Amino acid sequence: MAKREDRNRRPERRGDERETPPDGETFLTAADEELDATYQEPLSLPEYVDLLLSEPHLAAHASKYLLAAIEHAGTRTVVEEGEETERYRFFDDPWNDGEHAILGNTAVLNRFVDDLRSIAAGRGKEEKILWLDGPTATGKSELKRCLVNGLREYSKTEAGRRYTVEWNVAGVSDTAGLTYGGDQPTDEDDWYASPVQAHPLSVFPDGVREELVATLNERSDDHIPLQLEADLDPFSREAYDYLEEQYRRDGVEELFSTVTAAEHFRVKNFVVDVGRGIGILHSEDEGPPKERLVGSWMQGMLRELDSRGRKNPQAFSYDGVLSQGNSLVTIVEDASQHADLLQKLLNVPDENRVKLDKGIGMDIDSQMIIISNPDLEEQLDKHAGREGADPLRALKRRLDRHEFTYLTNHSLETELLRRELTDETTVWETDSREQLEAWIRAPLTVSVRDSDDTVRDRELAPHTLAAAAMYAVVSRLAASDLPGELDLVDKALLFDRGSLRDGDDRIEIDDVGFSDAAPDGEGGIPVTYTRDVIADLLHESSERYHERLPVAEVVMPRDVLNAMAEGLADAPVFSTAGATEFEERVAPVKNYVFERQEADVLDALMAEKRVDEATVAEYVRHVYAWAEGQQLENERGERVEPDLLRMKIFEIEHLGRFDEDNYTGDKPHEEVRKFRREQIITALNRHAWRQRDEQFRVEDVTPSEIPVIETVLGTHDWDDVRRTFEDFDPRQWEDPPGGTETERLKDETVERMQEMFEYSEASAELTSQHVMSQVSYRWD
């Protein structure tokens, strides 16, 4: 719905560096190169075994392969719920520029991978079915898409090639060859792939396969051993048995080598996709349980093949979810719609086998994953009161639950909300908190078609998405574990940043002691509700901005917060008690957003009065020398005493902590000396301790590492404004008299807000008016 400059875009080419414009041949060549890199020429069985002996990981069983695909994408460091942790990039959907990225829930995903690692290694969880549970709009569906995209792309790499078998029985006799039906094929069309992606090593007899797998494990440096116990699938077994019977009749002695010779058997790599290594049972899929799980018998094919009274596996469809997911992963989506199947799946992870018919079984190697909303838990617990007689008790023991929750990180919720409203997909990734804050606060311009078919641009002012996201997060946080001095907005900020500034002190989340048992993220306002409220506001006409401004209509943070709070009572997704509770939580969010807007206005108003880092660094250097009783070297290389006047002026004018009464001449009184020791020197000592293995130099300390100095670098208050601009009057801001200082300051402030913080002229006008209307009350 909206377009915005991509803030993560790659740098543009500069200078004389130019590219030749692409033509049709360019794209064809690129497609050829991609396919050439993806597919190998088919291998004979000896060639495939030789390949495995040099690269054992290519024989990976299903759970081991899935784990390898996840780990292959690498990791990155994130902060969630205030804790720094490593996150697997696989879940950021990097192959599609983040289109189906799962935002947040990193701890849940990491536990999912840990369990997958245990299953792959055979460390006691092999019988488990991985269960992903949680409310709507928490990322469960994105996980399914990440699995499909990630496994598909991994299978295109050399490290992730996946192999299956193909058979050719044409020419062995005059009878019909192996077929899926239709006319007798010829040449390359004589080859038929296993319909369930059978592992090539399954063609070997059990004893030989066990010995080969043991050899591969000895040659592998992987801590997870290869496990392959599956026999040939029924379709392939039919081909093998047919060839074996024909050659036995002919008196051939080396039957295995003959049956698996290059003219009958070959190994071929395939690109993993839905239906080829990935089975997905959708919520709308219908049919008998066996049909949904493995497939169905095709009556026309049974008659055509005429297998003398027995059911020929060639006449089976193999389109059930386990058949399609064999060799990799089986996903049951919206599992509550398929509750009848879950008990049928009960023994599959343990026995690794299903039945096509009474006398026909099929070995399965597939990691099973079920995805559900909370209603599945209700179905599983419906017999809980029967205790030992609960028919679902065994199933519940097999399910390994991983519960997704709503996001509780402010930055992630803002990112998710922006993705919901636009076509942006790139995952926000930066080591800079300053850059992340810029993305959070950024405005958004949306093109909206009105009822008269006119397309208009509407602006979500800076902090608007951030305000909506903060309200949503605050609605999801538990208040039961809040210390008395913090509110829910503080908790949200601690979850997002890991620390808070409280005056001159820093509050670390580890020092607060939030309860791990608190139900954070289990309920609250979902992103879909917020998205719909904003979409409705964007379509409403508004004439609130100044008539002289020829720009887009503007939606302000307070507009969204008011609309969200007012709509709670009528939204069916919330209970009456829940709506009332969430309405009460909007006030601290409004205060928080106003503080952000006020800071923008102050920074723009006082931009020319900001202290540059060089001035701050010089102050810190003089304080350190004063405390240590040392001299400094001036710009002429001379040794001089610390400048008491310089320190005094900085402390009065920039820090705003003291006045002339705190000094005798330039000499500081005890309260100033205490401030310098506790706020400046203590911070320098902490830095020196962290750098204790290196020689300490005060010049190496970044001023922003000192809490009290970090505040000075970018913060002003209204006392500073009053002291600096004696004739300024905020009550005149909306329509200042011509030629006054207030008029000059307003023009400069509105312009700077556009330059410094990406406001439009309209949103800068509205924001500054709102701030000044509040400041006017307390100005006198």
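Bear in mind that the values here come from a model prediction, so they are computed numbers and not experimental data.

Before going further, it helps to examine the overall build of the chain. Counting its regular elements, the chain contains 31 helices and 22 strands. Taking all contacts inside the chain whose residues are at least 6 apart in sequence as the whole, residues at least 24 apart take part in 70%. As displayed, the chain offers around 38,200 Å² of accessible surface, 43% of which is attributable to carbon and sulfur atoms.

The next subject is the packing of helix 23 (residues 576-584) against helix 24 (residues 586-605). Across the interface, helix 23 lies against helix 24 with an axial gap of 5 Å and an inter-helix angle of 30°. It follows that helix 23 is roughly parallel to helix 24 by the angle criterion. For the pair formed by helix 23 and helix 24, the contact residues are Phe582, Glu583 and Glu584 on the first element and Val586, Ala587 and Pro588 on the second. Tallied by class, the residues present in the contact of helix 23 with helix 24 amount to four nonpolar, no polar and two charged.

So, about the packing of aromatic side chains. Under the defined criterion, the tally for this structure stands at 20 aromatic pairs. Relative to Phe514, the ring of Phe495 has its centre 5.7 Å away and its plane inclined at 85°; by these criteria the two rings are edge-to-face. Of the two residues, Phe495 sits in helix 19 (residues 488-497) while Phe514 sits in the loop between helix 20 (509-512) and helix 21 (527-539), which places them 19 residues apart along the sequence. Taking relative accessible area as the criterion, Phe495 reaches 4% and is therefore assigned buried. Considering the side-chain rings of Trp718 and Trp779, the 6.5 Å spacing of their centres and the 80° angle between planes classify their relative orientation as edge-to-face. A residue pair is termed long-range when its members are at least 10 positions apart, and Trp718 in helix 29 (residues 718-724) and Trp779 in helix 31 (residues 761-779) qualify at 61 residues. Judged by relative accessible area, which is 10%, Trp718 ranks as buried. For Trp779, a relative accessible area of 6% corresponds to the buried category. Members of the aromatic cluster, each reached through a chain of ring pairs, are Trp167, Phe204, Tyr240, Phe256 and Phe265. Seen from the ring of Tyr65, Arg162 lies directly overhead, with NZ or CZ sitting 4.5 Å from the centre. Over the ring of Tyr240 we find Arg237; its NZ or CZ atom is 5.1 Å from the centre of that ring.

The subject of this paragraph is unusual backbone geometry. Of note in the backbone geometry, Tyr318 takes a positive phi value of approximately 50° without being a glycine. By the element assignment, Tyr318 lies in the loop between helix 10 (299-305) and helix 11 (321-325). With a phi angle near 70°, Glu758 is a residue other than glycine that sits in the positive phi range. Here Glu758 is to be found in the loop between helix 30 (741-757) and helix 31. For Glu758, a relative accessible area of 38% gives the class partly exposed.

This part is about the nonpolar core. Tyr471, Ile525 and Ile534 are the most contacted members of the largest nonpolar core, which totals 54 residues. Looking at this core, the element that brings in the most residues is helix 18 (residues 464-476), giving eight residues. The contact partners of Tyr471, leaving out residues within four places of it in the chain, are Ile525, Leu561, Met564, Ala565, Leu568, Phe582, Glu583, Arg585, Val586 and Val589.

Right, let's get into the confidence of the model for the chain. A residue-level look at the chain finds 86% of positions with pLDDT of 70 or above and a mean pLDDT of 85. Mean pLDDT in the chain bottoms out at helix 28 (residues 707-714), which sits at 56, and peaks at helix 18, which reaches 97. Ignoring residues within four places in sequence, the model shows residues 174-186, a span with pLDDT below 50, making 26 contacts including any to other chains.

Reading across the sheet, the three strands line up as 5-4-6 and stay open at both edges, with antiparallel pairing between neighbours. The outermost strands of the open sheet, each flanked by one partner alone, are strand 5 (192-193) and strand 6 (265-270). Sheet topology places strand 4 (residues 162-167) next to strand 5; two bridges connect them, and they run antiparallel. Looking at the pairing, Trp167 lines up with Tyr192 of strand 5.

As a further point, take the packing of helix 16 (residues 410-421) against helix 17 (residues 433-441). Running from amino to carboxyl end, helix 16 crosses helix 17 at an angle of 45°, the nearest separation of the two axes being 9 Å. For the element pair helix 16 / helix 17, the angle class is oblique. Handedness of the crossing formed by helix 16 with helix 17: left-handed. Every residue of helix 17 that contacts helix 16 at His410, Ser411, Thr414 and Arg418 is listed here: Leu436, Trp439 and Ile440.

To continue, consider the pattern of salt bridges. Throughout the structure, instances matching the rule amount to 49 salt bridges. Arg636 serves as the salt-bridge partner of Glu638, at 3.3 Å between the closest nitrogen and oxygen. Lys746 is paired through a salt bridge with Glu765; the nearest N and O atoms lie 2.9 Å apart. In this pair, Lys746 sits in helix 30 while Glu765 sits in helix 31, placing the two residues 19 residues apart along the sequence. In terms of burial, Lys746 and Glu765 fall into one category: buried. A network of salt bridges, in which partner residues are shared, links Glu166, Glu188, Arg266 and Lys268.

Attention now goes to the environment of Ala579. With respect to the secondary-structure elements, Ala579 resides in helix 23. In sequence terms Ala579 and Ser475 are 104 residues apart; their C-alpha atoms lie 9.8 Å from each other. If we skip the residues at most four places from it in the chain, Ala579 touches Leu568, Ala569 and Phe574.

This part takes up a positive patch on the surface. Taken together, the side chains of Lys290, Lys344, Lys355 and Lys358 define a basic patch exposed on the protein surface. Looking at the element boundaries, Lys344 is found in the loop between helix 12 (339-342) and helix 13 (348-351). Residue classification places Lys344 among the exposed positions, given a relative accessible area of 52%.

As a further point, take the environment of Val533. For Val533, the location among the structural elements is in helix 21. Judged by its relative accessible area of 12%, Val533 is buried. Expressed as a C-alpha distance, the spacing of Val533 and Ala563, which sit 30 residues apart in the sequence, is 6.8 Å. Each residue touching Val533, except ones within four places of it in the same chain, is listed here: Val560, Ala563 and Met564.

Quick look at helix 26 (residues 644-654) now. Of all the positions in helix 26, only Met647, Lys648, Phe650, Glu651 and Ile652 are classed as buried. Structurally, the start of helix 26 carries an N-cap: the backbone nitrogen of Leu645 is 3.1 Å from a side-chain oxygen of Asp643.

What counts and how
Residues numbered from 1 in each chain as written. Predicted model: local features only at pLDDT ≥ 70, side-chain atom pairs only at ≥ 80, totals over all residues. Heavy atoms only, no water. Helix = DSSP H or I, 4+ residues; strand = E, 2+ residues; numbered from the N terminus. Contact = heavy atoms within 4.5 Å. Areas by Shrake-Rupley, 256 points an atom, 1.4 Å probe, with all protein chains shown as cover. Axes fitted to C-alpha atoms, helices over the stretch in contact; angles between N-to-C directions. Parallel < 35°, antiparallel > 145°, perpendicular 65-115°, else oblique. Nonpolar A, V, L, I, M, F, W, Y, C, P; charged D, E, K, R; others polar. Phe/Tyr/Trp six-rings, centres within 6.5 Å; stacked < 30°, edge-to-face > 60°. Buried < 20%, exposed > 50% of the residue type's maximum accessible area, 1.4 Å probe, protein only. Lys NZ or Arg CZ within 6 Å of the ring centre and 35° of its normal. Core = buried A, V, L, I, M, F, W, Y, C linked by side-chain atoms within 4.5 Å. pLDDT = per-residue confidence, 0-100. Pairing = 2+ DSSP bridges. Left-handed = near helix turned anticlockwise from the far one by under 90°. Salt bridge = Lys/Arg side-chain N within 4 Å of Asp/Glu carboxyl O. Patch = residues over 30% accessible without salt bridge, like charges linked within 9 Å, V, L, I, M, F, W, Y side chains within 5 Å. Lys, Arg positive; Asp, Glu negative; His and termini not counted. Charge placed at Lys NZ, Arg CZ, Asp CG, Glu CD. Polar contact = N/O pair within 3.5 Å; in protein donor to acceptor, adjacent residues only side chain to side chain.

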